[in-house]
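Summary of structural features
Chain residues, written in single-letter form:
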Amino acid sequence: MESFDTIPHAKLMAVVAERIVDGPVLGLIRQWLKAPVIEEDEQGKRRPVGGKGNRRGTPQGGVASPLLANLYLHLLDRIWVRHDLERRLGARLVRYADDAVILCRHGTEKPMAVFTAVLEKLDLTLNVQKTHVVDARADGFDFLGFRIAWRTSRRSGTGYPHVEPSKRAEQRIKDRVTELTARRRTPVALRDMIGEVNHALRGWSGYFHYRNCSTVLGRVKTHAEERMRTQLRRRHKLRSRAQGYLRFPNAHVYDHLGLFKVPTTAGWTSAHASA
């Protein structure tokens, strides 16, 4: 959904006013929505976007944009529940901010038509380029950083939904750890470097430690160990990897230096949001 750019301010503020009655706060939100933002296009040219005459959209990258989008798109959830569309269409709507997946039992044509019609009533448009119809049992799909696919259990032979961090999510945390432990950062105090790496690993694993994550988290854990050991070899002028393993085994890296140990056991299996 292209909600950040197309949310109508009048309807958005009506939704916000259901939860906030403080006039000055509502006025501040209105000013924030109309504040111009400097954006840079593909050619590197900067231009102001928004302003006093702007009546649609929330600033891209704005700290409150996801919250406001979530408040407005809660109308979509209400409509889906109020009209019992999950039962009538055989289609379950799963939404987080302006990302959504519709899980269809039968065909996808009618649920997509209804979904598009509801968005039009909300003055929103569907991002055609980012919208895909897939057979989850055959291909799987990515959603909120996870790869979701239908797999067959080796033990029981029964099918189950396999959920693990996506390739992109895995590569992003590896790239971040590599960046933090790059050769150019050797002058950084080791304690500070490990603190930065730990901060990145804790946040990432805290989110992705879920369902069938063990294999992917194991690869991230090994990557962090290797990058930290490479950094230690540079600091201590050790040329070979063998010397690095002998002098800085994993026990030293974790117990003495305090590197965060990425969990590799099965993560929590369910999520519940309070009503």
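Everything that follows concerns the structure shown earlier in this document.
Reading the values: the criteria
- Residues numbered from 1 in each chain as written.
- Predicted model: local features only at pLDDT ≥ 70, side-chain atom pairs only at ≥ 80, totals over all residues.
- Heavy atoms only, no water.
- Salt bridge = Lys/Arg side-chain N within 4 Å of Asp/Glu carboxyl O.
- Helix = DSSP H or I, 4+ residues; strand = E, 2+ residues; numbered from the N terminus.
- Buried < 20%, exposed > 50% of the residue type's maximum accessible area, 1.4 Å probe, protein only.
- Pairing = 2+ DSSP bridges.

What about the pattern of salt bridges?
Pairing between side chains of opposite charge can happen when the charged atoms of each approach one another. On inspection of all chains with the given rule, the structure shows 13 salt bridges. For Arg78, the salt bridge identified is with Glu18, shortest N-O distance 3.0 Å. Taken together, the residues Arg78 in helix α4 (residues 65-82) and Glu18 in the loop between α2 (9-17) and α3 (23-34) connect sequence positions 60 residues apart. Close ionic contact of Lys174 with Glu170 constitutes a salt bridge, the shortest N to O distance being 2.9 Å. Highlighted residues: Lys174 and Glu170, both in helix α7 (residues 167-180), separated by 4 residues, approximately one helical turn. Considered together, Lys174 and Glu170 belong to a single accessibility category, that of buried residues. Look at the salt bridges and you will find they share partners, linking Glu170, Lys174 and Arg219 into a network.

Let's talk about the pairing of strand β4 (residues 99-104)
Taken together, the 6 bridges between strand β3 (residues 91-96) and β4 define a ladder with antiparallel strand orientation. Counterpart to Ala91 in the pairing with β4 is Cys104. Where β3 folds back onto β4 in an antiparallel hairpin, the turn is made up of 2 residues, including Ala97, whose phi is positive at roughly 55 degrees.

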